[in-house]
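Chain residues, written in single-letter form:
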Amino acid sequence: MALRRSENSLFYGVDRITVLTYGLLVFMGWLNIYAAVYNEEHQNIFDTSQKYGKQLIWIGGAVIIAFSILLIDAGFYTVFSYWFYGIVLLLCLLVPYLGREVKGSRSWFRFGDVGVQPAEFMKFATCLALAKFLSNENLVIISRYRLRFKDLLKNYKNTLIAVMFLVVPMLIIKVLQDETGLAIVFVALIIVLYREGLSINFLLFGLLAVVLFVLSLVVAKITTLIIVLAGITLVALLFIKRTMRNIVFAAIIFIGASGMVLGTKKMYEKLEPHQKVRIDVLLGIGEVDLKDEAYNVNQSKIAIGSGGFLGKGYLQGTQTKYNFVPEQDTDFIFCTVGEEWGFLGSAIVIFLELFLILRIIFLSERQRSAFSRIYGYGVAAVLFFHVCINIGMTIGLMPVIGIPLPFFSYGGSALWSFTILLFIFIKLDANRLLILR
Amino acid sequence: MNNNAHLGDRKFIIGGFFVLIVFVYICRLFYIQIIDESYKISAAQNAIEVRVDYPQRGVVYDRKGKYLVKNEPSYDLMVTPRLVKGCDTIALCQTLEMTKEEFLKRIKKACQAPNSPRKESIFEKQMTSQRYATLQEKMYLFKGFYVQTRSVRKYPKPIAAHLLGYVGEVNKAITEKDPYYKDGDYVGITGMERGYEEALRGLKGKRKILKDVYNKEVGSFMEGKWDTAAIAGKPLYSTIDIDLQEYGERLMKGKIGALVAIEPSTGEILAIISAPSYDPNLFVGVKERSKNYPVLNKDSTLPLFNRALQAMYPPGSTFKLIDALVGQDEGVISRGKTYYCSGGYGPMGNKPKCHGRHTLDLVNAIAQSCNAYFSYTFHDITSQNKFPKYVDGFNNWREKVMSFGPGTHLGTDLPYDKPGNVPSAAYYDKVFGKGRWFGNTIVSLGIGQAELTLVPLQMANVVATIANRGYYYVPHCVKGVSNAKTIDKKYREKHFVAVQKPEYYLNVIDGMQKAFEPGGTAYASRIPGITACGKTGTAENPHGKSHAVFMAFAPRENPKIVIAAIIENAGFGGTWTAPIVSLMIEKYLTGKITRIELEKRMEAVDLIRGKNLLTKEFH
């Protein structure tokens, strides 16, 4: 088709590959939701008393939202970034007081039969605000020059502000609404900071912290761990230049790591019982085999594992039909894929999600405007985090955190928020040729 | 933001990281879906049902190994409405003796929140074994139903209802707080059942049952690989002496009050009685409990109220023992110290009153329970010169008294104990005004009246402390859980009170021994062949006749048992309470009763019938 679209067309410059991948994922998602809640009595796909019927409505809404986003001038998102951020943040603050409690959760606004979680929309708002902040021409988030300790605060001021953009919504959602899953997502945006210049050391420290956390829970004798850490530090000192600065630096890392190791057990004891169990299940420690949580993850693994190479066939799953797997239409939707479509289907779904994410990175890198690029990385990071945690927990590689699989899981707020997140980027990308550097 | 060229390279690191994670996931999927066979299902078309296996609750033994609590099987009929298809409902209704309307109503209930058509819920609770037998024959007709075996409590002897407590179904508050509990589970509500819930409940198991298209069970899923066995609750080895408990309850029948017996050398509770009591078997099973609970709850004698732990009584004259100890410790009295009693406490116009005019030394003042003597003592303890402000003297007294237990939670292993009350300076400041109250204003505290209150368990603990000459173990009713037969360290630690000199205890104990001798307040209750030490008390009750208190321990050297008892509206402590306590001591130490006549008289007394009882004051 050599039909050249006019610059005024709604679809001018829209990346069709991304839209197509999106459409494919949403469609496959719906098929699997249908399978997950399928029963012989309700077979009409438009039955809105059933979740697949409701999801059709959500999808219809998502299409309208997508069109609306493309209709609006791209400049709108740039100019009003902070406004979006502020307004959604305000809603997140208010929802515990104004919203109605749904299943013990205080994060929902109810409009008749329909619930909306403002925290879901915090994702795109944060990405926008972060992009706006970091795209400032004159801003350096990290100085690459050698730092003196006393200049630390000055040099890292902008980094700190950027980090606050993530931490504030995180705290509000975690503390006021107690939605760990929704809150933890913002951690992913560290990737954006990294792309924009944050030293890799910070990511490595983060990784070190995770490794230490796991180790201090798995290793019974904390003293052994600290001795090993001291050993590593000493060996490291043999290989690096032993300037005063490096030695002090190594000492600080060692003390920090030891403190972390010592603190972990205490911190861990303070977690909610169910969170503790989830970590225990993942790490295979403690007497957890008989508890519900381990049982659920096991169920999930059985469902996926029983799929084999080609799966049992659409609607033929037994594990996902008999309510063994909890939340199988939302957070554990991947079980249905694994059981009914087998390894092949699972791999296709994962690759599709990966493809979409890599495509977004590719598109981001071709942006002339820093704002669009940074926003694009935000989208990629958020999507990746969801995919990584969601699929990871169904196959027992990640702790159970209730977050949805993008475009796949049942739920209006999630689908809409991902649609908004993605289509703002598509619009920005479509607009890239019109932006002058 | 300056887009340096080197930052552009970071896209490869980020992208590479994403690809790496996905690669790991794909490998993992490949492993669990293709290589690992354990996740495969053999018969994919079979339906699978998850059954919960309920463990038996732990049994409870008394200190000699006799059963206090046993279990009995009980059967619940469960239904999963979505699976009910072509079920012979007429046969089912007939078997259960139920109308069609009732049947439909219950199915509807099983479909509605919090139940769901996909989830099994209880259709008929706790069927008899006969009904279970008839039902079992026809079970194949009832698709969607199955019978779940559980166990209910059985009490071989109808005693110790308050101590043991009862089991009930969980409510929403519990299921939300602890994810272990699911709707329909049982949980200990009061008493030992609650205090030792975690040990007693055991661990629920889960079984997955394979069923064919005819709803017939064809075996377990994957040879039970994912099943977990129910683990039975741990047995409790109680410190209770079942015979003593039973005997005590017999004697306390027809009275309102409480009695607590403790072995002082260990802090083990030998008997703990709240009267009137009820047969714990009345609370077994949902039907029985819902029938009997309202009746007992409405009873004006409050049989459900655990007086031994929760009724806060003024200790009356028994409190003089603490006065005597603290007074000696503060140096305001000694063995030889005498006071003249003019028929009451002179400085306040012979109030509080006393029963005679005499001059008594410490030992005789205890034996004869002289009010004046201990009013002087209290006044002198709190008004010493070393305390420039009266309130300091008062606080010093209060602190020492509280070290014996009053006004604190002792930390016993039974739930819901009350702390009693030792009024604080702040309280008197409020009543009389700051700095406007002195030793004489509140002198009735010295004889255990006014705002001072103790629960019976604390009274027993005070005697135990005296019997031990200065320390106590936290009273507890379990000495071993499961086969380990060990208990929490906190029950094996000595708690030393504020008074420690052995001679102070000796003087008090001499006085207590004299109470059982001619002229003493408990002479009528002396036990042949046993040197017991005791103290009577009459706790004034503004609403009616005084409460009778008695506390004692025996034998004098190496005491084996201490008992504190209170009987409401029974007047003087020596009349009813002391004989009952003395009988129990005799029974426990010698295993038999020589004073048959006394025993008969005590058993026959009914202080409840025909009395206008005002017991609500203790709530």
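Residues numbered from 1 in each chain as written. Chains lettered and ligands numbered in written order. Predicted model: local features only at pLDDT ≥ 70, side-chain atom pairs only at ≥ 80, totals over all residues. Heavy atoms only, no water.

**What to know about the overall build of chain B**
Counted only if it meets this: For helices the rule is a DSSP run of H or I covering at least 4 residues; for strands it is a run of E covering at least 2, with both sets numbered from the N terminus onward. Partly exposed describes any residue whose relative accessible area lies between the buried limit of under 20% and the exposed limit of over 50%, with all areas from a 1.4 Å probe on protein chains only and scaled to the type maximum. Every residue pair with non-hydrogen atoms within 4.5 Å of one another is taken to be in contact. The method behind every accessible area is Shrake-Rupley, applied with a 1.4 Å probe, and residues are considered shielded solely by the protein chains displayed.
Within chain B, the regular secondary structure consists of 21 helices and 20 strands. Out of the 619 residues in chain B, the part that is buried amounts to 56%. Counting only contacts in chain B whose residues sit at least 6 apart along the sequence, the fraction spanning at least 24 positions is 71%. In the structure as shown, chain B presents an accessible area of about 26,600 Å², 54% of it carried by carbon and sulfur atoms.

**Concerning the sheet that holds strand β12 (residues 268-275) of chain B**
Residues and elements named next belong to chain B. Let me state the cut-off plainly: Strand pairing is defined by DSSP finding a minimum of two bridges between the two strands. Note on method: axes are straight lines fitted to C-alpha atoms, helices fitted across the in-contact stretch only, with angles between N-to-C directions ranging 0 to 180 degrees.
Judged by pairing direction, the sheet is antiparallel, and its five strands sit side by side in the order β12-β11-β20-β19-β18 without closing on themselves. The two strands at the open ends of the sheet, each matched to only one other strand, are β12 and β18 (533-539). Taken pair by pair, the neighbouring strands of this sheet meet at an average axis angle of 5 degrees, ignoring direction. Bridge analysis of β18 against strand β19 (residues 547-554) gives seven bridges, and the strand direction is antiparallel. Of the residues in β19, the one forming a bridge with C533 is F553. Sheet strands touched by helix α18 (residues 456-467): β11 (257-263), β12, β19 and β20 (561-567). Its angle to β20, the strand with the most contacts, is close to 145 degrees.

**Examining the pairing of β12(B)**
Residues and elements named next belong to chain B. Buried residues dominate β12, accounting for eight of its eight residues. Pairing analysis gives seven bridges linking β11 to β12, with the strands arranged antiparallel. Within the sheet, the bridge partner assigned to V260 lies in β12 and is I272. Turn length for the β11-β12 hairpin, with the two strands adjacent in sequence and antiparallel, is four residues, and the turn residue G267 shows positive phi of about 80 degrees.

**A closer look at the packing of helix α5 (residues 118-134) of chain A against helix α16 (residues 370-394) of chain A**
All names here are of chain A. Formally: Two helices that cross are described as forming a left-handed crossing if the nearer one is turned anticlockwise from the farther one by less than a right angle, and a right-handed crossing if clockwise. Residues were grouped as follows: Ala, Val, Leu, Ile, Met, Phe, Trp, Tyr, Cys and Pro as nonpolar; Asp, Glu, Lys and Arg as charged; and all remaining residues, including Gly, as polar.
Packing of α5 against α16 brings their axes to within 8 Å, and their N-to-C directions diverge by 145 degrees. Seen from above, α5 lies across α16 with right-handed handedness. Between α5 and α16, the residues in contact are K123, F124, C127, L128, L130, A131, K132 and L134 and F371, I374, Y375, G378, V379, V382 and H386, respectively. For the contact of α5 with α16, the per-class residue count stands at eleven nonpolar, two polar and two charged.

**Looking at a nonpolar patch on the surface**
All names here are of chain A. We count it as follows: Patch building starts from residues that exceed 30% relative accessible area and form no salt bridge, then joins like charges within 9 Å and nonpolar side chains (Val, Leu, Ile, Met, Phe, Trp, Tyr) within 5 Å. The salt bridge criterion pairs a side-chain nitrogen of Lys or Arg with a carboxyl oxygen of Asp or Glu, the two atoms within 4 Å.
A surface patch of nonpolar side chains, amounting to about 770 Å² of accessible area, comprises L71, I72, F76, V79, F80, W83, I87 and L91. For the nonpolar patch, the secondary structure elements donating two or more residues are α3 (74-79) and α4 (81-98). The biggest single contributor to the nonpolar patch is α4, with three residues. Secondary-structure assignment places I72 in the loop between α2 (51-71) and α3.

**Examining the side chain of B:H162**
Heads up, the condition is: We call two N or O atoms a polar contact when they sit within 3.5 Å, provided that within protein one can donate a hydrogen and the other can accept it, with sequence-adjacent residues counted only if both atoms are side-chain atoms.
Structurally, B:H162 can be placed in helix α6 (residues 161-164). Here the side chain of B:H162 touches B:P303 through a polar contact of 2.6 Å, landing on its backbone oxygen.

**Considerations on empty space enclosed by the protein**
Residues and elements named next belong to chain B. Definition in use: Using protein atoms alone on a 1 Å grid, points that fit a 1.4 Å probe yet trap it form a cavity, whereas open point sets bounded by protein on both sides within 12 Å along at least five of seven lines form a pocket; residues with an atom within 4 Å of a point count as lining. Grid points are joined across faces, edges and corners, and a volume is the space filled by probe spheres set on the points. Domain start and end points were adopted from an automatic or database domain assignment.
Taken as a whole and assessed by the stated rule, the structure comprises four cavities of 30 Å³ or more. Along its surface, the largest cavity is lined by 27 residues, and R57, R150, S151, V167 and Y186 are the ones closest to its centre. Listing elements by their share of the lining of the largest cavity, those giving two or more residues are β5 (145-154), β6 (167-169) and α11 (286-298). Here the lining of the largest cavity takes four residues from β5, the largest share from any one element. The residue makeup of the lining of the largest cavity, split by class, is 13 nonpolar, six polar and eight charged. Two domains each donate at least three residues to the lining of the largest cavity, and these are domain 1 (48-83 + 121-238) and domain 2 (242-618).

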